[in-house]
Amino acid sequence: MASINTCSDEILVMVVDCVYHQSPKSLDNLALVNKRFHRLVVERRQRSWIFRHGNLSEDLEYIKKNEIHNKIRRLGITDFMAVKPEFLAVLAKMEMLRDIEMVCGFGHRDLQDTFIKHLQRRPDIRLHLNVVGEPIQQPFGFRNEVRLKCFEDCVNLYSLRIKHSYKTFPECSAITIPLKMVLLTCPNLKHLKIDIKKIILRNNQPTHNYCGFRFLQGQRLPATLKTLEIIAYPFGKMDSHISVITPTHRVTLLQGTSSFFGLTTSIGST
């Protein structure tokens, strides 16, 4: 039987990629097999860099010290990290970067003049946006203002995931109204996942107010969409009591006869 040392780097890279996608934590054990695997594991991790919460400065210092700017193809960041001047300085040097995964609460107020401004100069970068969180209502408004306007007309926005829970009509509209404008204006959005569900409380009175996207006069989701996954959505009266769609439905944009959000689709459960 041939030794693993006789395999080319191309074969070993496939092994490393397989382990990375199936069990990322197992890469540590794979790196201990021999020096070649150690080198390939390090290179694989450098290609996909996730900035750690509270350790942004250390991560940036490591990237600069080891000069791996042009090895990074994909990175993970939060909206609060993305506006830091030290991060933007390193981001400008990542010439081979192709994908950015961003976890976004309700949009940092400085995103437009910092991170988004940089993306406008790099249309080749695909932005994967994950919007999560619930605005906390105070007597005179929301404590966490929803600031998603900066993502309107964003040519970089490639995929969008929305996870939001609400108890009242204003809490739901606070996210659906700004998100609607993002959906109407982003020309390259390919993948959309919606999980907007009502929190049912014992003393919570059901409301029949519609608080969805409210598309009117030919408005619709982007024609560029390839997939649409619905976990929950406030369609109307029924959604005031239960999650409308169970189990999850995945909409693959193919020729079909069903109409959903203005799209001609075929729908199948997952």
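Along each chain, numbering runs from 1 in the same order as the chain's sequence is written. Given that this is a predicted model, residues contribute local features only at a pLDDT of at least 70 and side-chain atom pairs are listed and counted only at 80 or more, while totals for whole chains, interfaces and linings are drawn from all residues. Processing note: side-chain calculations cover all non-hydrogen atoms of the structure and skip hydrogens and water entirely.

Asker: Hey, could you go over the overall build of the protein chain for me, with residue numbers and the actual values?
Answerer: From N to C terminus, the protein chain includes eight helices and twelve strands. Taking all 270 residues of the protein chain together, 43% fall into the buried category. Only the protein chains shown count as cover for residues, and all accessible areas are computed by the Shrake-Rupley method using a 1.4 Å probe. In the structure as shown, the protein chain presents an accessible area of about 15,300 Å², 54% of it carried by carbon and sulfur atoms. Runs of E in the DSSP output that reach at least two residues are strands. Runs of H or I that reach at least four are helices, and both are numbered from the N terminus. Each residue is placed in one exposure class: buried if its accessible area under a 1.4 Å probe, protein chains only, is under 20% of its type's maximum, exposed if it is over 50%, and partly exposed if it falls in between.

Asker: An account of the side chain of Asp99 is requested, with residue identities and associated values reported.
Answerer: Looking at the secondary structure, you find Asp99 in strand 3 (residues 99–104). In this structure Asp99 comes out as buried when scored by relative accessible area, which is 7%. Of the polar contacts made by the side chain of Asp99, one reaches the side chain of His128; its length is 2.7 Å. Any two residues having at least one pair of non-hydrogen atoms within 4.5 Å are treated as being in contact. Excluding anything up to four places from it in sequence, Asp99 contacts Arg73, Arg74, Leu75, Arg126 and His128. Polar contact is defined as a pair of N or O atoms within 3.5 Å, subject to the rule that within protein one atom must be able to donate a hydrogen and the other to accept it, and that residues adjacent in sequence are counted only when both atoms are side-chain atoms.

Asker: An account of unusual backbone geometry is needed here, citing residue identities and associated values.
Answerer: In this model, Asp153 sits at a positive phi of 60°, which is unusual for a non-glycine residue. On the secondary structure map, Asp153 appears in the loop between strand 6 (141–142) and strand 7 (157–166). The phi dihedral of Arg214 is positive, around 55°, even though this residue is not glycine. Inspection of the secondary structure puts Arg214 in the loop between strand 8 (191–198) and strand 9 (227–232). Under the relative-accessibility criterion, Arg214 is labelled partly exposed at 41%.

Asker: An account of the pattern of salt bridges is needed here, citing residue identities and associated values.
Answerer: Each reported salt bridge corresponds to a side-chain nitrogen of Lys or Arg within 4 Å of a carboxyl oxygen of Asp or Glu. According to the stated counting rule, one finds eleven salt bridges in the structure shown. The shortest N-O distance in the salt bridge between Asp99 and Arg74 comes to 3.7 Å. In this pair, Asp99 is assigned in strand 3 and Arg74 in strand 2 (residues 74–78), connecting sequence segments 25 residues apart. Relative accessible area serves as the criterion here: at 28%, Arg74 is assigned to the partly exposed category. A cluster of three or more residues bridged by salt bridges with shared partners is formed by Arg74, Asp99, Glu101 and Arg126.

Asker: Give me the lowdown on the nonpolar core, citing residues and values where you can.
Answerer: Counting 55 residues, the largest nonpolar core has Phe51, Phe87, Phe115 and Phe151 as its most contacted members. For this core, the leading source of residues is helix 8 (residues 169–185), giving five residues. Not counting the four nearest positions on each side in its chain, Phe115 is found in contact with Ala82, Phe87, Leu88, Leu91, Ile100, Met102 and Leu127. By nonpolar core is meant a set of buried Ala, Val, Leu, Ile, Met, Phe, Trp, Tyr and Cys residues that side-chain atoms within 4.5 Å join together. One finds Leu12, Ala31, Leu40 and Val41 within the second-largest nonpolar core, a separate group that totals eight residues.

Asker: Which residues make up the packing of aromatic side chains, and what are the values?
Answerer: Pairing of aromatic rings covers Phe, Tyr and Trp, the last through its six-membered ring, and needs centres within 6.5 Å; plane angles under 30 degrees mean stacked, over 60 mean edge-to-face, and all others mean tilted. Overall, the coordinates contain five aromatic pairs when judged by the stated rule. Judged by centre distance (5.6 Å) and plane angle (25°), the ring pair of Trp49 and Tyr62 falls under stacked. Here the residue Trp49 occupies a position in strand 1 (residues 48–50), and Tyr62 occupies one in helix 4 (residues 56–66), the gap between them amounting to 13 residues. The partly exposed category is assigned to Tyr62, whose relative accessible area is 35%. Judged by centre distance (5.7 Å) and plane angle (40°), the rings of Phe213 and Phe215 are tilted. On the basis of relative accessibility, which here comes to 2%, the residue Phe213 falls in the buried class. In this arrangement the basic side chain of Arg126 is found over the ring face of Tyr158, its NZ or CZ atom lying 4.7 Å from the centre. The criterion is that NZ of a Lys, or CZ of an Arg, lies within 6 Å of the ring centre and within 35 degrees of the ring normal, and then a charge sits over that ring.

Asker: Go over the pairing of strand 4 (residues 126–132) with me, naming the residues and quoting the values.
Answerer: The element strand 4 is largely enclosed, with a buried count of five among its seven residues. Should DSSP find at least two bridges between two strands, the strands are taken to pair. Strand direction decides the pairing type here: strand 4 and strand 7, joined by six bridges, are parallel. The partner of Val132 across the bridge, within strand 7, is Lys163.

Asker: I'd like a description of helix 1 (residues 9–22), backed by residues and values.
Answerer: Taking 1.5 Å of rise per residue, 14 residues should cover 20 Å, and helix 1 covers 20 Å from first to last C-alpha, within 8% of that figure. Taken together, the buried positions of helix 1 are occupied by Leu12, Val16 and Asp17. The arc that holds every buried residue of helix 1, seen down its axis, measures 145°, which confines them to one face. Residues Glu10, Met14, His21 and Gln22 are exposed on helix 1 and point more than 90 degrees away from its buried face. The elements touched by buried residues of helix 1 are helix 2 (27–30) and helix 3 (35–47). Expected span of a helix, by definition, is 1.5 Å for each gap between consecutive residues, and there is one gap fewer than residues. Working definition: the arc comes from the directions between the helix axis and the C-beta atoms, pointing outward to the latter.

Asker: Which residues make up the pairing of strand 2, and what values go with them?
Answerer: Note that strand 1 and strand 2 share three bridges and pair parallel. Opposite Ile50, over in strand 2, you have Gly76 as the bridge partner. In this fold, the crossover linking strand 1 to strand 2 by way of helix 4 has right-handed handedness. In terms of strand pairing, strand 2 meets strand 3 through five bridges, oriented parallel. In the strand pairing of strand 3, Ile77 is matched with Met102. Handedness of a crossover is defined as follows: orient the strands so they point away from the viewer, and if the path from the first strand over the helix to the second runs clockwise, the crossover is right-handed.

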